[in-house]
Amino acid sequence: MVAFYLLVMAIGIWASVRSRRMERTRWGASQRGTLAVGVFTMTATCVGGAFIIGVARLVWALVPLQMSLSFITGGLFFEKPMRDKKYITMMDPFQKKYGKTLTGLLAVVPFISEVMCVPVTLISLAADVSVLRSDCPLSLCTWSSAAVAILHRALTDVIQLSLVFCGLWLCAPFVLESDVYADLSLTAFNHTHQAPWLGRLADNMWTWIDNFLAMSIGNLAFQDFHQRTLSLSPTFTARMMRFIAAGVVIILGIPPVLKGAVAASTEWNMTSYGSLSPYERGEAAMVLSIVLLHLTPTAVFVVGLGAIAGAAMSSTDSCLLAATSIFTTNIYKMIRNQVSDREPQWVIRITILVVGVGGTSLTYLDSRVLAFWILSSDLTYTIMLPQLICVLFIRVSNSYGATAGYVVAFPMRVLCGEPVFSLPAVLHFPDGTLENGVYIQRWPFKTIYMLSSLFSIVAISNLASLLLKKGILPESWDVFKVNAWGASSPPEEAPESDNENEKNCLRTNTGLQMLNNPSSVSDDFINEAVM
């Protein structure tokens, strides 16, 4: 296990040195090169260890389709308004329209969502490493993986995705050539050695639709979903990057599906693994690594494991960057207006450490790969997505509506319960069931809350504007100064001053070159600060 981590670190250091050399010449790169690198970067952000293992388990084999749908939706509707306004992060439109204080409060939700993505990638990496040492506890593997991932932070997306692509497709023929599994077309619908690997919706159709929407459309409200495309100046290039990446994620999702189908069709008694299947042993999270270990040569297994590790490392890096960017840019700036030249660097270092340790600690609550993935998408879908839609597309939306939407969505989501945090369901929708003392909602409550929040933002924004403009409410009650500005948003100069402060800070720490390309501020600034 130590040798495996040392190998991963060595590859990361080599990639870091190589990326720094490429950095010196990339400013003169052509648009074609920018598009190619952007596709690699965007795809690598989403294709992590959880993506590969979750698809291989066949629990959510439609994850590639969900990712593809989110890329297409983002390219069609979200890229143009965000690029035309020259936003740098997802929270910039909020700061421009609602001001720094309310934006800082709203930023708590995407920050928590990014933190919850950390255990997703670490669990997937730890599950693979534990295959190498069956006597090693999963918790030890998780903390070891976290330490390497936090220190790693160097493997470039282009190299990482290349390793993942080659590794996954290289292993597929060896897995399919093994003679220990039955015909996949038969085992898809019939119980052969195990249960059919194609599931049925049965009575869970509404829940399935609810989770599908949350894990596809909900991605639009993640910071790391936008931080890559906002680094490209041309809107056309950013949109094309989304559309091409939508096809790439489906291609990358094919090998894990095939390997998961083979795992569900294998007579494990004929392998060195033993009689019971990984699903019966409770080792479903490790099914991909188990297939590679017992159905392929050792060299192929090492390549496949390296591909999964590279994907997990890059995803962890992306989550750390996104969470740190949100905290330092939106939350910390709300707490402290004036900072010294060195203070942002220390804030970034401490935030990366706290997010890494905090995210790793969440693995004690639930060790399932998809549990935190679904929960993080749940938060962005129900709370942040309606806020993002309104701030970009609904002109009348204002701070009062945003506050109302937040107050409606967050408590309602908490009252529906969450098994991961042992929160009981207080609001019971019809047709729910009680399983092991936990009330399971069968209605699409996430979509209901998302739409309720969207309606609240629009309704309260209109009502507040009407009451203030008509003089029904005294001006002293206008705490957000909506009526004083004579519009539904603060003056254009207000956010500019914040951006100038940020630029001055960046100028001190990272040099004039980053100011010429401000869209690269988040990643480059953070990478510079932790060095």
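Look above for the structure.
**A closer look at the packing of aromatic side chains**
Any pair of aromatic rings gets described here by the distance separating the centres and the angle formed by the planes.
Consideration 1: Scanning all chains against the criterion turns up twelve aromatic pairs.
Consideration 2: The interplanar angle of 40 degrees and the centroid separation of 5.7 Å between the aromatic rings of Phe111 and Phe327 together place this pair among those described as tilted. In this pair, Phe111 is assigned in helix H7 (residues 108-132) and Phe327 in helix H15 (residues 298-335), connecting sequence segments 216 residues apart.
Consideration 3: A relative accessible area of 18% places Phe111 in the buried class.

**Things to note about the nonpolar core**
Looking at soluble globular proteins, one finds that nonpolar side chains tend to be buried together.
Consideration 1: By size, the foremost hydrophobic cluster in this structure holds 103 residues, and its most contacted members are Ile52, Phe71, Phe94 and Trp373.
Consideration 2: Top contributing element to this core by residue count: helix H17 (residues 369-393), with 15 residues.
Consideration 3: Of all hydrophobic cores here, the second largest spans seven residues; its members include Leu125, Cys141, Ala309 and Ala312.

**So, the side chain of His226**
Consideration 1: Structurally, the position occupied by His226 is in helix H12 (residues 223-226).
Consideration 2: On the accessibility criterion, His226 (1% relative accessible area) is buried.
Consideration 3: Only 2.5 Å separates the side chain of His226 from the backbone oxygen of Leu220, close enough to count as a polar contact.
Consideration 4: Not counting the four nearest positions on each side in its chain, His226 is found in contact with Phe78, Met82, Met90, Leu220, Arg242 and Leu388.

**Notes on the environment of Gly75**
Consideration 1: Mapped onto the fold, Gly75 is located in helix H4 (residues 63-84).
Consideration 2: C-alpha separation for the pair Gly75 and Arg239, spaced 164 residues apart in sequence, amounts to 4.6 Å.

**Observations concerning the pattern of salt bridges**
Consideration 1: Under the counting rule described, the total for this entry stands at seven salt bridges.
Consideration 2: Taken together, the salt bridges that share partners define one network made up of Asp378, Arg413, Glu418 and Lys446.

**Quick notes on the packing of helix H11 (residues 205-216) against helix H19 (residues 445-469)**
Helix packing for two helices is described by the angle between their axes and how far apart those axes are.
Consideration 1: Interhelical geometry of H11 versus H19 gives an angle of 55 degrees and a closest axis separation of 8 Å. Considered as vectors, H11 and H19 are oriented oblique to each other. The segment H11 lies against H19, with Asp210, Asn211, Leu213 and Ala214 engaging Phe445, Lys446 and Thr447.
Consideration 2: Here the contact of H11 with H19 is composed, by residue class, of three nonpolar, two polar and two charged.

Criteria and cut-off values
- Residues numbered from 1 in each chain as written.
- Predicted model: local features only at pLDDT ≥ 70, side-chain atom pairs only at ≥ 80, totals over all residues.
- Heavy atoms only, no water.
- Phe/Tyr/Trp six-rings, centres within 6.5 Å; stacked < 30°, edge-to-face > 60°.
- Helix = DSSP H or I, 4+ residues; strand = E, 2+ residues; numbered from the N terminus.
- Buried < 20%, exposed > 50% of the residue type's maximum accessible area, 1.4 Å probe, protein only.
- Core = buried A, V, L, I, M, F, W, Y, C linked by side-chain atoms within 4.5 Å.
- Polar contact = N/O pair within 3.5 Å; in protein donor to acceptor, adjacent residues only side chain to side chain.
- Contact = heavy atoms within 4.5 Å.
- Salt bridge = Lys/Arg side-chain N within 4 Å of Asp/Glu carboxyl O.
- Axes fitted to C-alpha atoms, helices over the stretch in contact; angles between N-to-C directions.
- Parallel < 35°, antiparallel > 145°, perpendicular 65-115°, else oblique.
- Nonpolar A, V, L, I, M, F, W, Y, C, P; charged D, E, K, R; others polar.

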